[in-house]
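Listed below are the residues making up each chain.
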There are 2 protein chains.
Amino acid sequence: MTTTTYRTTWPATTGRPPSEDEIVRLHGWWRAANYLSVGQIYLMDNPLLRTPLDREHVKPRLLGHWGTTPGLTFLYAHMNRAIRQRDLNALYITGPGHGGPGLVAASYLEHTYSETYPAVTEDEAGMRRLFTQFSFPGGIPSHVAPETPGSIHEGGELGYSLSHAYGAVFDNPDLLAFTVVGDGEAETGPLATSWHSNKFLNPLTDGVVLPVLHLNGYKIANPTVLARIGDEELESLLRGYGHDPLFFTGGFEGEDPLAAHRRFAGVLDEALDRIAQIKTDAADAAAAGREVERPTWPMIVFRTPKGWTGPKEIDGQQTEGSWRSHQVPLSSARDTDEHLEVLDRWLRSYAPEELFDDDGALREEFASTAPSDARRMSANPVTNGGTLLKALRLPDFREYGVEVSRPGASTSEATRVLGGWLRDVVAANPHSFRIFGPDETASNRLQPVYEATDKQWNAQFVPQDREEHLGRAGRVMEVLSEHQCQGWLEGYLLTGRHGLFNSYEAFIHIVDSMVNQHAKWLKVTNEIEWRAPLASLNYLLSSHVWRQDHNGFSHQDPGFIDHMVNKKAEIVRVYLPPDANTLLSTYDHCLRSRQYVNVVVAGKQPNPDWLSMDEAIAHCTRGLGIWEWAGTETPGEEPQVVLACAGDIPTIEVLAAAKILRTRIPDLRVRVVNVVDLMRLQHDSEHPHGLSEEEFDGIFGQDVPVVFAYHGYPWLIHRLSYRHDRRSRIHVRGYKEEGTTTTPFDMLMRNDTDRFHLVMDVIDRVEGLGTRFAGLRQEMADERIHARAFAYQHGADPSAIASWQWDDNADQAEADAGTVAADTGGDNG
Amino acid sequence: MTTTTYRTTWPATTGRPPSEDEIVRLHGWWRAANYLSVGQIYLMDNPLLRTPLDREHVKPRLLGHWGTTPGLTFLYAHMNRAIRQRDLNALYITGPGHGGPGLVAASYLEHTYSETYPAVTEDEAGMRRLFTQFSFPGGIPSHVAPETPGSIHEGGELGYSLSHAYGAVFDNPDLLAFTVVGDGEAETGPLATSWHSNKFLNPLTDGVVLPVLHLNGYKIANPTVLARIGDEELESLLRGYGHDPLFFTGGFEGEDPLAAHRRFAGVLDEALDRIAQIKTDAADAAAAGREVERPTWPMIVFRTPKGWTGPKEIDGQQTEGSWRSHQVPLSSARDTDEHLEVLDRWLRSYAPEELFDDDGALREEFASTAPSDARRMSANPVTNGGTLLKALRLPDFREYGVEVSRPGASTSEATRVLGGWLRDVVAANPHSFRIFGPDETASNRLQPVYEATDKQWNAQFVPQDREEHLGRAGRVMEVLSEHQCQGWLEGYLLTGRHGLFNSYEAFIHIVDSMVNQHAKWLKVTNEIEWRAPLASLNYLLSSHVWRQDHNGFSHQDPGFIDHMVNKKAEIVRVYLPPDANTLLSTYDHCLRSRQYVNVVVAGKQPNPDWLSMDEAIAHCTRGLGIWEWAGTETPGEEPQVVLACAGDIPTIEVLAAAKILRTRIPDLRVRVVNVVDLMRLQHDSEHPHGLSEEEFDGIFGQDVPVVFAYHGYPWLIHRLSYRHDRRSRIHVRGYKEEGTTTTPFDMLMRNDTDRFHLVMDVIDRVEGLGTRFAGLRQEMADERIHARAFAYQHGADPSAIASWQWDDNADQAEADAGTVAADTGGDNG
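Note that this is a predicted model, so its numbers are computed, not measured. Starting from 1, residues in each chain are numbered consecutively following that chain's sequence as written. A letter from A marks each chain and a number from 1 marks each ligand, given out in the order of writing. Note on the predicted model: pLDDT of at least 70 is required for a residue's local features to be given, and 80 or more for side-chain atom pairs to be given and counted; whole-chain, interface and lining totals, by contrast, use all residues. Side-chain figures throughout are based on the complete set of non-hydrogen atoms in the structure, without hydrogens or water.

Moving on to the overall build of chain A. Strands here mean DSSP runs of E at least two residues long; helices mean DSSP runs of H or I at least four residues long; both are numbered from the N terminus. When its secondary structure is counted, chain A shows 27 helices and 22 strands. Both definitions apply: the radius of gyration is a C-alpha atom measure, and the globule rule equals 2.2 Å times residues to the power 0.38. On C-alpha atoms alone, chain A measures out to a radius of gyration of 31 Å, which is about the 28 Å that the 2.2 N^0.38 rule sets for 829 residues. In terms of its C-alpha atoms, chain A occupies a principal-axis envelope of roughly 95 × 65 × 50 Å. Exposed residues in this analysis have more than 50% of their type's maximum accessible area, buried residues have under 20%, and partly exposed residues fall in between, with area computed by a 1.4 Å probe over protein chains only. Out of the 829 residues belonging to chain A, those deemed buried represent 72%. Partitioning the intrachain contacts of chain A with sequence separation of at least 6 by distance along the chain shows that 79% fall at a separation of at least 24. When the accessible surface of chain A is split by element, carbon and sulfur atoms take 47% of a total near 24500 Å². His is not counted here, nor are the chain ends, while Lys and Arg score as positive and Asp and Glu score as negative. Where a charge sits is defined by one atom per residue type, namely NZ (Lys), CZ (Arg), CG (Asp) or CD (Glu). Considering chain A, the positive charge centre built from 77 side chains and the negative charge centre built from 115 side chains are found 1 Å apart. We call two residues in contact when some of their heavy atoms are within 4.5 Å. Note that accessible areas follow from Shrake-Rupley with a 1.4 Å probe, and for residues the cover is restricted to the protein chains shown.

Its location among the elements puts A:Lys199 in the loop between helix H7 (189-194) and strand S3 (208-215). Overall, the relative accessible area of 0% leaves A:Lys199 in the buried class. Once the C-alpha coordinates of A:Lys199 and A:Leu758 are considered, the two residues, 559 residues apart in sequence, prove to be 51 Å apart. Every residue in contact with A:Lys199, bar those within four places of it in the chain, is listed here: A:Gly240, A:Tyr241, A:Gly242, A:Arg294, A:Trp457, A:Asn458, A:Ala459, B:Val225, B:Ile229 and B:Glu233. A polar contact is formed between the side chain of A:Lys199 and the backbone oxygen of A:Tyr241, at a distance of 2.8 Å. Nitrogen and oxygen atoms within 3.5 Å of one another constitute a polar contact, given that in protein one can donate a hydrogen and the other can accept it, and given that sequence-neighbouring residues count only through two side-chain atoms.

Across the contact, 131 residues belong to chain A and 129 residues belong to chain B. When a carboxyl oxygen of Asp or Glu is within 4 Å of a side-chain nitrogen of Lys or Arg, the pair counts as a salt bridge. The interface formed by chain A and chain B holds 18 salt bridges in total. The residue A:Asp465 makes a salt bridge to B:Arg228 at a minimum N-O spacing of 2.6 Å. Counting residues per element, the ones that place at least two in the side of chain A that touches chain B are helix H5 (124-133), H7, helix H8 (230-240), helix H15 (512-526), helix H16 (560-565), helix H21 (715-720), helix H25 (774-794) and helix H26 (798-803) of chain A. Per-element tally for the side of chain A that touches chain B: the top contributor is H15(A), with seven residues. A class-by-class count of the residues in the side of chain A that touches chain B yields 50 nonpolar, 43 polar and 38 charged. Under the scheme applied here, ten amino acids are nonpolar (Ala, Val, Leu, Ile, Met, Phe, Trp, Tyr, Cys and Pro), four are charged (Asp, Glu, Lys and Arg), and all others, including Gly, are polar.

Quick look at the packing of aromatic side chains now. Two aromatic rings, drawn from Phe, Tyr or Trp (for Trp, its six-membered ring), form a pair once their centres lie within 6.5 Å of each other, and the interplanar angle then sorts them: stacked below 30 degrees, edge-to-face above 60, tilted otherwise. A full pass over the atoms with the stated rule returns 66 aromatic pairs over all chains. When the ring of A:Trp29 is compared with that of A:Tyr76, the centres are 5.7 Å apart and the planes differ by 5°; the resulting orientation is stacked. One end of the pair, A:Trp29, is in helix H1 (residues 20-42); the other, A:Tyr76, is in helix H2 (residues 69-86), and 47 residues separate them in sequence. When sorted by exposure, A:Trp29 lands in the same class as A:Tyr76, which is buried. Summarising the aromatic geometry, the rings of B:Tyr117 and B:Trp530 are spaced 6.4 Å apart at their centres and angled 85° between planes, so their arrangement reads as edge-to-face.

Attention now goes to the relation of the copies chain A and chain B. The atoms used to superpose the copies are C-alpha atoms, taken from residues with pLDDT of at least 70 in both, and the fit is least squares. The two copies are related by a screw motion: chain A maps onto chain B through a turn of 180° and a shift of 0.0 Å along the axis, at an RMSD of 0.0 Å. Taken together, the rotation and translation describe the operation of a two-fold axis. Scanning chain A for the C-alpha nearest the rotation axis identifies A:Gly189, at a separation of 2.0 Å. Comparing interface residues between copies, 98% of those in chain A also lie at the interface in chain B; the contact surface is shared.

Take the domain arrangement of chain A next. Residues and elements named next belong to chain A. Assigned domains of chain A: these are domain 1 (21-382), domain 2 (397-607) and domain 3 (623-816). On the domain 2 side, the residues contacting the 39 residues of domain 1 number 34 residues. By the criterion of area lost to domain 2, the three top residues of domain 1 are Pro146, Asp171 and Phe200, representing 25% of everything that side buries. At the boundary of domain 1 with domain 2, the tally comes to five salt bridges. A salt bridge links Arg472 to Glu291, with the nearest nitrogen and oxygen atoms 2.5 Å apart. The tally of links from domain 1 across to domain 2 stands at 28 residue pairs in polar contact (both at pLDDT 80 or more). Boundaries of every domain are those given by an automatic assignment or by a domain database. Buried area is calculated as the accessible area (1.4 Å probe) missing from two parts once they are joined, with the contributions of both summed.

Looking now at the pattern of salt bridges. A complete count under the given rule lists 114 salt bridges over all chains for this structure. In this structure, A:Asp206 engages A:Arg434 in a salt bridge whose closest nitrogen and oxygen atoms are separated by 3.1 Å. Of the two residues, A:Asp206 sits in the loop between H7 and S3 while A:Arg434 sits in strand S9 (residues 433-437), which places them 228 residues apart along the sequence. No difference in accessibility class separates A:Asp206 from A:Arg434, as the two residues are buried. Residue B:Asp752 is joined to B:Arg784 by a salt bridge in which the shortest nitrogen-to-oxygen separation is 2.9 Å. Separated by 32 residues along the polypeptide, B:Asp752 in the loop between helix H22 (744-750) and helix H23 (755-765) and B:Arg784 in helix H25 (residues 774-794) bring together distant segments of the chain. On the basis of relative accessibility, which here comes to 12%, the residue B:Arg784 falls in the buried class. Overlapping salt bridges, with partners in common, bring together A:Arg733, A:Lys736, A:Asp752, A:Asp754, A:Asp761, A:Arg765 and A:Arg784 in one network.

What follows deals with helix H14 (residues 482-494) of chain B. Residues and elements named next belong to chain B. Along its 13 residues, H14 runs 18 Å from first to last C-alpha, staying within 8% of the 18 Å computed at 1.5 Å per residue. With 13 of 13 residues buried, H14 lies mostly within the body of the structure. Gly496 sits one or two positions beyond H14 and adopts a positive phi of about 95°. By this rule the span expected of a helix is its residue count minus one, scaled by 1.5 Å.

All names here are of chain B. If DSSP finds at least two bridges between two strands, the strands pair. Here we have five strands laid out as an open sheet, ordered S1-S2-S3-S5-S4, and parallel in their pairing. In the strand order of this sheet, the two ends are held by strand S1 (89-94) and strand S4 (243-249), each with one partner. Sheet twist, expressed as the mean angle between neighbouring strand axes with direction ignored, is 20°. Sheet topology places strand S3 (residues 208-215) next to strand S5 (residues 297-303); four bridges connect them, and they run parallel. Paired with Leu213 across the two strands is Val301, which belongs to S5. Axis definition: a line fitted to C-alpha atoms, over the contacting stretch in the case of helices. Angles run 0 to 180 degrees between N-to-C directions. The strands touched by helix H2 (residues 69-86) are S1, strand S2 (175-182), S3, S4 and S5; relative to S1, the strand with the most contacts, the crossing angle is about 175°.

Mapped onto the elements, B:Asn222 comes out in the loop between S3 and helix H8 (230-240). Overall, the relative accessible area of 2% leaves B:Asn222 in the buried class. Polar contacts involving the side chain of B:Asn222 include one to the side chain of A:Asp439, which spans 2.8 Å. Only 2.9 Å separates the side chain of B:Asn222 from the side chain of A:Lys455, close enough to count as a polar contact.

Next up on the list: a negative patch on the surface. All names here are of chain A. A cluster of acidic residues, Asp684, Glu693, Glu694 and Glu695, forms a negative patch on the protein surface. With respect to the helices, strands and loops of the structure, Glu695 is situated in helix H20 (residues 693-700). Given a relative accessible area of 40%, Glu695 falls into the partly exposed group. The patches described consist of residues with a relative accessible area above 30% and no salt bridge, like charges being joined within 9 Å and nonpolar side chains (Val, Leu, Ile, Met, Phe, Trp, Tyr) within 5 Å.

Residue and element names in this part refer to chain A. Spatial strand order, S1-S2-S3-S5-S4: five strands in an open sheet with parallel pairing. In this open sheet, the two strands that pair with only one neighbour each are strand S1 (89-94) and strand S4 (243-249). Across the sheet, the mean angle separating the axes of adjacent strands is 20° when strand polarity is ignored. For S4 and strand S5 (residues 297-303), the ladder comprises seven bridges, and the chain directions are parallel. The residue of S5 that forms the bridge with Leu246 is Ile300.

The next point concerns the environment of B:Thr411. Relative to the helices and strands, B:Thr411 resides in strand S8 (residues 411-413). Judged by its relative accessible area of 43%, B:Thr411 falls in the partly exposed class.

Written out as structure tokens, the structure reads:
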């Protein structure tokens, strides 16, 4: 293994307590941020309160979340001081993303907002616009959305802040991800496991995550668990997560905010000093050739009142420090004088006249507490990762292909072939490409990559681990949590790098909801000019439904494709390469692409090679095509039936069925079509990859019955081809949720997707065949009964097990298919 | 709040160290269980090794997982001793479900297996069958599947063992869920957060979960995180989870197994003694009227070698204690003499001749170490929960309905109306019905239930909590983890109780993968005669896509329906009640049903009431129907167009469109169809609720264009009605992933599902209207431009905000719809 050496440039500065003047100015910045946050939630006019507050100044519909916001702005203000003092390279990840107003306010106060959106100027008019646009049609979302400068994390669906943070700092050794974890979010599963990310972080070659557990005590309508287990149990938990927690409690019982600032500045300095020390120690150890072990990273527990600085009580009910502060504590400020007055007092408690100058811009004494240029967390280039993105150096995939003398003459494990190429992708891109997976990278046959890299691991080692490709740094990230893999990869991509996620097909549903959010992020950023395109999120789903016969029903689910297809057409691509060379060509395309979610499904078992590399490239470029060598068309005549397939296993069955038909009904004009790019089946009005009607008919014939063997749930093919198939001539076979512990071929039979059933389908659907070939049809039905009865009648009879050729059905399929070309004398030309 | 008092009958017996004889016999039972496990994986003949082992005795295809198995059987043997000594009521939950052979072996040794499957007798022939059936077509799965007696947890998809365990013990105060958590599983998000379940458990009214963290150190190809953080950090973590961990390390460095048994018996006794003390203390406190606080529950860390008792080395590579033991360590026992000999030695190391009598049955001295009857963990009735299931006492929902003088004359918040009924369901079923939700029960307007019960909470309290309906015991379970809610509910249902899960529609995708597994469990149990039917898993999805305008795009996703529809038709039901009375009728049906996953989507905002209770019942019974009062049909004539709707918001739009058509094209014969039960759209060959062709045409007309406004992704309607719609006459509008922060009505317009667009669709699709009503069509298009431009051109202009009637579009919709009946003079009759 070659170890990459990073130059460490982590600033070694230690903290210097702020002067009273600094504290006062920092407090001013915080008040300004809070003022702007409250303004965004409530006001549509009179933004600087230069006239008495009137009901007409209050928005008719009040939206947003106040409760978490003042804590977020407090932390932001303090990080600003630290960044300036230490010249830190930091980004801010907002777990409670609904605290959007606070982050928008921060970026406005740092000038980033006006630089990004020039219409929102730093004056009274701009502030009015800032307020009115918030959560308004045509305005901005209430969350820390893609529209928010400095955000890589929307935070609407909770649970992914730490995973995103770790993804962001991998291979960014000088980057600090300051990450606020809400105590509501902390109850989610993905967040709960993401604390363990620190066992994977390398202190030398990766950056740093500083988690801040924001304990404000309440969710929408309930207290939070971590706020109610006592400090002792909480500290134990966080130490168990591998952190050294620093506790801060502030803002309760009328604490002077300046005192709170003074105390928190000390806490943050302590955390950052420890981090600097860890980084220095790591660099020293590396320089001395010593191993760099996992340190105990600091973190901060930040216990402050929910809705801090807001009204203490409203209508006699506690508001600050209660769940009542969660969203909009004063919902009828426009309707009652009492509430209007509460709002007025609240807003004026920040003393806007002291904070903003005559034009309405933040006074320099406060503005200067924030860093400038790229040191601003709202303007850190990593938060617009596309601007940093460099294309991968990709070795020529053609050189990694398998030789194919004729279709089906040989077999390969497609993912193992891909692994050979990925090995060299890894080697050529040692700082910008990672492979993520839930303990299945080897199981999915990608182990050639271990010739070039290790699995990154920073928990304890035992001597044998080194032989097993565990290393302190490496390009492969394995943890038994699909959530963690997905979150890390998203964070890695969002900060301008590349990667892929390999997983079992059935269990990728675990991240359905996460990938929804990522797809939505991509869709929205497509519409935001200043957001530069990101590398695509690439899935490699192996161990797929047709080869989970032995693991049984719980491991069989091809529905992730269906899930993804509900997302916008411009975001989603689905590929089903039928063999090794098409997989290589597909993945080369995926690793070059931008702004997509690419779902690639490919088997890891030996599978016939159908196409030479040149043919594979041509086929993948078209996305689907007629395999003339497999059919029996007569030039110049329409075929009588089209046998179509998508997916490696259905391709075998279709070719085997075509062979039976060629032998038994030699005068039948059969066309074989293979589909790699599933989106090609759509109408070109629906998807950029879609076919025109002419193109569709050119491939699938006109008015010809189509028997389609598909990898997944059959109805998806109907859905995709709906606009092309107005006369319902496409008949689809696929997985229909019939599974158990069985054999590969029985899996096909249970779902009526086997070769025999496909032949029956053809006989049933081509006019005139039903009567002529009733015998053949019966023969096919008998074959099925025979094959199934063999396994099932004998059940647990040892002689059945002995004589049952476990893999024979699959082997036979491959052998049959292999002779397709031989029989026709065809070659790849 | 009424507090339910439970009689505590937890056995107070404290542990008595086992005698040497007991240890020896327990060890014999363990050896037998291990022998049978290895036999299942490898052998198909010579099960008692009464002749020399021959290659022919070895299965040709070796499947299964050895690594975790000996630990599971060790724990099982010790629990058996404890159950007998203490008369415990226990079940065994196997987190590492792939250790199936061990659990099958245990139930065989306890006679449960032969009682359940009489063909698998307790003799040589039966043992041969036991071995050969394992992971063979027609045999049994390799996991702890529904086929396995004593299992409520398949464990194929990892992460849910503790959630299931807690769900099982809620309201089962005398039940102990002995729960083995694999260290691989422990890396998943759902498992990581499920440790916190103990903050919700009531020590008096609920049972006990005893977690055993099974640290065998390795996953498929990697070490596990928790095995590599050191005991100190691990202990800290577990204390942070609220547990008092007892550490056991055994089986390393050639430890005498009898010594290991002796030591572990002490550890288990210690854990069970502490539990008994906690239960006694809780009962004493309750008897004395003191509050019962959350105790620190014990747990066990069980560190043993992976593949314990298996071959130490194979081909010179460490096997016991390594990931190489994970699956089948000897893969070529049939092919090489060396490996055959290793297998022979391994099997004989258990000395089967000592364990089994001449017939092949386990000798009584060993068999008697297990409990009998219902005390057997493999035969605990809770593991076949349907046998314990009692129908809920359901108050007559008719009495909770809203008065509907005419369609649309009034509005209701449907979920709030449902909440009134649920309050009384809760009150009438104080021990067998729970409501689960991620902090949204009040937000989803179900808060009337708090008149009858509390939210169960056993973390710390502050005085205000009592006013906020937090209680030590209660029917509502709220935690901000959809995984946790789902897992608890599954465990609760699987052990014979009832419940519902209310959640935001968009974020229910978080449990896509979990509900997959539950649906698969139900499908398989339908085919297992001895498994009694369970109460259905009921979802109530509110805060749905059309009312997430303010939260924006990240909160908009109606795709859970699509996800569920991929599961088997006999399992899945989807209901879209259009108003309060239909929601009541639907939910009454759901709570009576068995073995389904019921997905009910219903809004929480004020929505017109369309149907009186009698009409609602009739409509829900049919599942879909013609709303004559809303259309303009001529008796005896086919309609010219059908306006169909499914979902509360699309129903408003369709009725508004119908009104426009009635006014503007009075001679057009319009039929309005509303669909409550989405599965009715399928063909009766596809779904038990499906329609015949005659029925379908009777409702949707023959050859009539259908304009269908649907709640979710439009293509689902095409998919469901595919077999009925061979001529593609159905035109569907729905959510097409166009969203942002906007208004309710703009949401509809962005997705072309608004009333104006529906009218345009009718004009475009009914022959002859296009030319005659080009003007009306243009008018509708102008209405849309006007409405959208208003919001978007003005953007963040305060005057726009002020004059924009935030809810007016929706209000107008309701008002318009409300006049539908008034205009026609129609009433409900």
